[in-house]
Amino acid sequence: MITRDPARFFAFAAHAAPNPARATPKAVFLVAPEGMSLAAESAQDNAYMAMADRIDPDGALAEHRALAKALSPHVPVVTFPGDSATPDAVFPNNVFASAPGRLVIGHMKHAVRQREATRADIRGFFAEALGRREIDLSRQPGIAELTGSLVIDRARNIGYCGLSERCDETGAAAMHAAFGLDATLVFDLAPGEYHTNVLLQIYAGRLAVACPDGFADPAVARAILEFHAPHALALDERARQAYAGNGIAVSGDAAFLSARAVDALSAGERAAFARAGFTLHAVPLPEIEKAGGSLRCCVGEIF
């Protein structure tokens, strides 16, 4: 089922018993920020990009190595090299994503990101090393920027898809089918917002974190939080701007955000993670965040 009707969606989702075994990835993959820069094309519809700044390449590489090191005690980490021809490639989850037995390749809006989808090494890793069937949305109609636009509650096999310049109705339907979801709720993001995963995360099926002001209709965000209560956290604009909505659980007890994001959380908000059973890990990413994404965007999941 794919619908814009929250009542219909949550009536269905209420019968989806969470399965902790499928809630978090078996491994993750990263793309190093070699050749990383601020892509003017991407900045056309990503208001989070700091176009007045310059990325320090050595600083970005050091941050990325620290991220891989922080993740590795909790989940296996594979890192692919970067390329100056693809300056946004440090955010691979928008282009490559997985479901059991499948690799899904996104249909990116901008040409600078469409080049990433042609990478033979990442495709080959999933196809040859992991034996995954490839579902290539880059050759189909509809803009579909994968787990940037579609936040998946893997435990329940349901999705939340925000429409924007980076995802349209056709793309949402294609992703719903490609990931084999049982239900997807489709809604509009607020003007100026580009990706749902900056505004919403479902941590291992247990904790929902949402930024209602980033939704065209904040009532949709409130409905998501109500469904996941009591482990549900609404963030304000200040926290959203600091990427506090852009986190990930890589295991049943480890949740990751950037240091800037964690600093933006109140003591009570940090305690919400603990109540849901998560230790909250903070990784400094100031150089990488200049490019308009944060920690969640850096992490591709292997299911």
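Keep in mind the model is a prediction, meaning the values are calculated, not measured.

What follows covers the overall build of the chain. Scanning the chain for helices and strands turns up 13 helices and 16 strands. Computed over C-alpha atoms, the radius of gyration of the chain comes to 17 Å, within 12% of the 19 Å expected from 2.2 N^0.38 for 303 residues, which places it in the range of a compact globule. Considered along the principal axes of its C-alpha atoms, the chain spans approximately 45 × 40 × 35 Å. Sorting the 303 residues of the chain into buried and exposed places 60% on the buried side. Contacts spanning at least 24 positions in sequence make up 75% of the contacts within the chain whose residues lie at least 6 apart. Accessible surface, the chain as shown: approximately 11100 Å² in total, 53% of it carbon and sulfur. Separation of charge centres in the chain, based on 28 positive and 34 negative side chains, amounts to 5 Å.

What follows covers the side chain of Glu116. Looking at where Glu116 falls in the secondary structure, it is placed in the loop between helix 4 (111-114) and helix 5 (120-129). Residue class for Glu116 comes out buried when judged on its relative accessible area of 3%. Beyond its immediate sequence surroundings of up to four residues, Glu116 is in contact with Thr86, Asp88, Ala89, Val95 and Phe96.

In this section: the sheet that holds strand 16 (residues 300-302). Ordered in space as 3-2-16, the 3 strands form an open sheet in which the pairing is mixed. Each edge of the open sheet carries a strand with a single partner, namely strand 3 (77-80) and strand 16. Taking each pair of neighbouring strands and ignoring which way they run, the sheet shows an average axis angle of 25 degrees. As judged from the 3 bridges shared by strand 2 (residues 27-31) and strand 16, these two strands associate in the antiparallel manner. Its bridge partner lying in strand 16, Val28 is registered against Glu301. Here helix 3 (residues 57-71) sits on the sheet and contacts strand 2 and strand 3; the angle it forms with strand 2, its principal contact strand, is near 175 degrees. In this fold helix 5 packs onto strand 2, strand 3 and strand 16, with an angle of close to 150 degrees to the strand it touches most, strand 3.

So, about unusual backbone geometry. In this chain, Ala229 is followed by Pro230 through a cis amide linkage whose omega measures 15 degrees. With a phi angle near 50 degrees, Ala204 is a residue other than glycine that sits in the positive phi range. Residue placement: Ala204 occurs in the loop between strand 10 (200-203) and strand 11 (207-210). One non-glycine residue, Tyr243, lies in the positive phi region at around 70 degrees. With respect to the helices and strands, the residue Tyr243 is situated in the loop between helix 9 (237-241) and strand 13 (248-249). Judged by its relative accessible area of 1%, Tyr243 falls in the buried class.

Here we come to the nonpolar core. Among the nonpolar cores identified, the biggest contains 46 residues, and Tyr160, Tyr203, Phe273 and Phe278 are the most heavily contacted of them. Residue contributions to this core peak at 5 residues, all from helix 8 (residues 218-228). Sequence-distant contacts of Phe273, defined by excluding residues within four places in its chain, comprise Tyr203, Leu207, Val209, Leu233, Ala255, Leu257, Leu265, Phe278 and Leu280. Of all hydrophobic cores here, the second largest spans 23 residues; its members include Ile55, Ala254, Val283 and Leu285.

Let us look at the layout of surface pockets. In this structure, the largest pocket spans a volume of roughly 180 Å³. Lining the largest pocket are 13 residues, with Arg22, Pro100, Arg154, Asn157 and Phe303 sitting closest to its centre. The class makeup of the residues in the lining of the largest pocket is 7 nonpolar, 2 polar and 4 charged.

Turning our attention to the pairing of strand 11. Neither face of strand 11 is open: one carries Leu207 and Val209, the other Ala208 and Ala210, and all of them are buried. Examined bridge by bridge, strand 10 and strand 11 share 4 bridges and lie antiparallel to one another. Note on strand 11: the bridge partner recorded for Ile202 is Ala208. Count of turn residues in the strand 10/strand 11 antiparallel hairpin: 3 residues, of which Ala204 carries a positive phi of about 50 degrees. Two strands pair when backbone bridges link them, and strand 11 and strand 12 (residues 232-234) are joined in this way by 3 bridges, in the parallel orientation. In the sheet register, Val209 faces strand 12, and the bridge partner there is Leu233. With helix 8 bridging strand 11 and its parallel neighbour strand 12, the resulting β-α-β unit is right-handed.

Calculation notes
- Residues numbered from 1 in each chain as written.
- Predicted model: local features only at pLDDT ≥ 70, side-chain atom pairs only at ≥ 80, totals over all residues.
- Heavy atoms only, no water.
- Helix = DSSP H or I, 4+ residues; strand = E, 2+ residues; numbered from the N terminus.
- Rg over C-alpha atoms; globule rule 2.2 N^0.38 Å.
- Buried < 20%, exposed > 50% of the residue type's maximum accessible area, 1.4 Å probe, protein only.
- Contact = heavy atoms within 4.5 Å.
- Areas by Shrake-Rupley, 256 points an atom, 1.4 Å probe, with all protein chains shown as cover.
- Lys, Arg positive; Asp, Glu negative; His and termini not counted.
- Charge placed at Lys NZ, Arg CZ, Asp CG, Glu CD.
- Pairing = 2+ DSSP bridges.
- Axes fitted to C-alpha atoms, helices over the stretch in contact; angles between N-to-C directions.
- Core = buried A, V, L, I, M, F, W, Y, C linked by side-chain atoms within 4.5 Å.
- 1 Å grid on protein atoms, 1.4 Å probe; cavity = no way out; pocket = protein on both sides within 12 Å on 5 of 7 lines; lining within 4 Å.
- Points joined across faces, edges and corners; volume = space filled by probe spheres on them.
- Nonpolar A, V, L, I, M, F, W, Y, C, P; charged D, E, K, R; others polar.
- Right-handed = clockwise from strand over helix to strand, strands pointing away.

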